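# Tertiary structure, described
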Amino acid sequence: DYYPKGTLADELEERGTIGEEEAIRRIMIPLARAIKTMHDERWLHLDIKAANVLIDEDGYAVLGDLGIAQHYDENDKKTTKGACGLGSEGASLRQKDSEDEDYCNTYHPEQDVYSLAALYYLMLTGKTNHRRFNASDLNRCKNISDESKQAIILALKNTRTLETTPTSVLDFMRMLPGCHDLE
């Protein structure tokens with residue numbers, strides 16, 4: 001399909017940021033539903049970033065570029081053939097920076113959750129440097145709700161040991177304002 005409104009990257013280049021309510025309604029909810037559908041079938045996108053989010057004629061997000069998506073089994077092992085799929089700016093630190101030599105063959109939905117949170121952070125702040133993410137910088141943003149700040153902070157933590165780290169797209173989304181009952 002052709003999307004004449006371009007990508008989220010194009011929109012952010014023009015606008016700089018997107019307000020929290022609009023970001024949730026137009027971008028985050030449609031993306032979360034698409035990612036959840038993939039995860040329900042044990043597929044990870046692995047390259048969620050603004051350039052891979054298309055904008056439809058009504059202004060809503062459509063997830064694109066499944067080129068490095070990977071299928072995984074019930075043991076979190078890759079079942080698709082080909083190179084290890086690690087996206088660029090949105091790829092999870094939990095995967096990219098792992099010291100585990102088997103990291104290319106171990107997959108978890110949290111990898112896409114991390115990337116979705118990094119994208120949300122970009123939309124709200126205009127900052128792309130989530131790898132050097134500092135919670136105190138985010139907490140200084142007055143135009144972002146405490147709910148969104150907490151969700152971003154928990155999702156971008158570089159650890160899987162926190163019990164509060166969202167482990168699914170719905171876990172993350174339900175932390176955002178107005179999304180507590182999202183299915």
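These figures come from a predicted structure and were not determined experimentally. (Residues numbered from 1 in each chain as written. Predicted model: local features only at pLDDT ≥ 70, side-chain atom pairs only at ≥ 80, totals over all residues. Heavy atoms only, no water.)

Parts of the prediction with low pLDDT should not have their coordinates interpreted in detail. When pLDDT is averaged along the protein, the result is 85, and 82% of the positions lie at 70 or above. Note that pLDDT drops below 50 for residues 89-98; the model gives that stretch 41 contacts with residues more than four away or on any other chain. (pLDDT = per-residue confidence, 0-100. Contact = heavy atoms within 4.5 Å.)

If a residue is not glycine, its phi is most likely negative; likewise, a peptide bond is most likely trans. In the Ramachandran plot, arginine 42 falls in the positive-phi region, its phi being about 65° despite a non-glycine side chain. Mapped onto the fold, arginine 42 is located in the loop between α2 (20-40) and β1 (43-44). In this model, aspartate 65 sits at a positive phi of 55°, which is unusual for a non-glycine residue. With respect to the helices, strands and loops of the structure, aspartate 65 is situated in the loop between β3 (61-63) and β4 (70-71). (Helix = DSSP H or I, 4+ residues; strand = E, 2+ residues; numbered from the N terminus.)

Before going further, it helps to spend a moment on the packing of α2 against helix α4 (residues 110-125). Across the interface, α2 lies against α4 with an axial gap of 11 Å and an inter-helix angle of 165°. In terms of orientation, α2 and α4 fall into the roughly antiparallel class. The crossing of α2 and α4 is right-handed. Within the contact between the two elements, α2 uses Glu20, Ala23, Ile24, Ile27, Met28, Leu31, Ile35 and His39 and α4 uses Asp112, Leu116, Leu119, Tyr120, Met123 and Leu124. Looking at the contact of α2 with α4, its residues break down into 11 nonpolar, one polar and two charged. (Axes fitted to C-alpha atoms, helices over the stretch in contact; angles between N-to-C directions. Parallel < 35°, antiparallel > 145°, perpendicular 65-115°, else oblique. Left-handed = near helix turned anticlockwise from the far one by under 90°. Nonpolar A, V, L, I, M, F, W, Y, C, P; charged D, E, K, R; others polar.)

Let us look at the pattern of salt bridges. Within this structure, the stated rule accounts for eight salt bridges. For aspartate 47, the salt bridge identified is with lysine 49, shortest N-O distance 3.9 Å. For the pair aspartate 47 and lysine 49, one class covers both residues: buried. One salt bridge in this structure joins arginine 174 and glutamate 183, with 3.6 Å as the shortest N-O distance. Residue arginine 174 is classed as partly exposed on the basis of its relative accessible area, which comes to 29%. Judged by relative accessible area, glutamate 183 falls into the exposed class, the value being 65%. (Salt bridge = Lys/Arg side-chain N within 4 Å of Asp/Glu carboxyl O. Buried < 20%, exposed > 50% of the residue type's maximum accessible area, 1.4 Å probe, protein only.)

Moving on: α4. Spanning 16 residues, α4 covers 22 Å between terminal C-alpha atoms, matching the ideal 22 Å at 1.5 Å per step. With respect to burial, α4 is a largely interior element, 16 of its 16 residues being buried. Glycine 126 occupies a position one or two residues after α4 and carries a positive phi of about 80°. (Expected span 1.5 Å × (residues − 1).)

Packing of helix α1 (residues 8-15) against α2 leaves a shortest axis separation of 13 Å and a crossing angle of 160°. With respect to α2, the element α1 is oriented roughly antiparallel. Where α1 crosses over α2, the handedness of that crossing is right-handed. Here Leu8, Glu11 and Arg15 of α1 come into contact with α2, specifically with Glu22, Arg26 and Ile27. Within the contact of α1 with α2, the residues separate by chemical class into two nonpolar, no polar and four charged.

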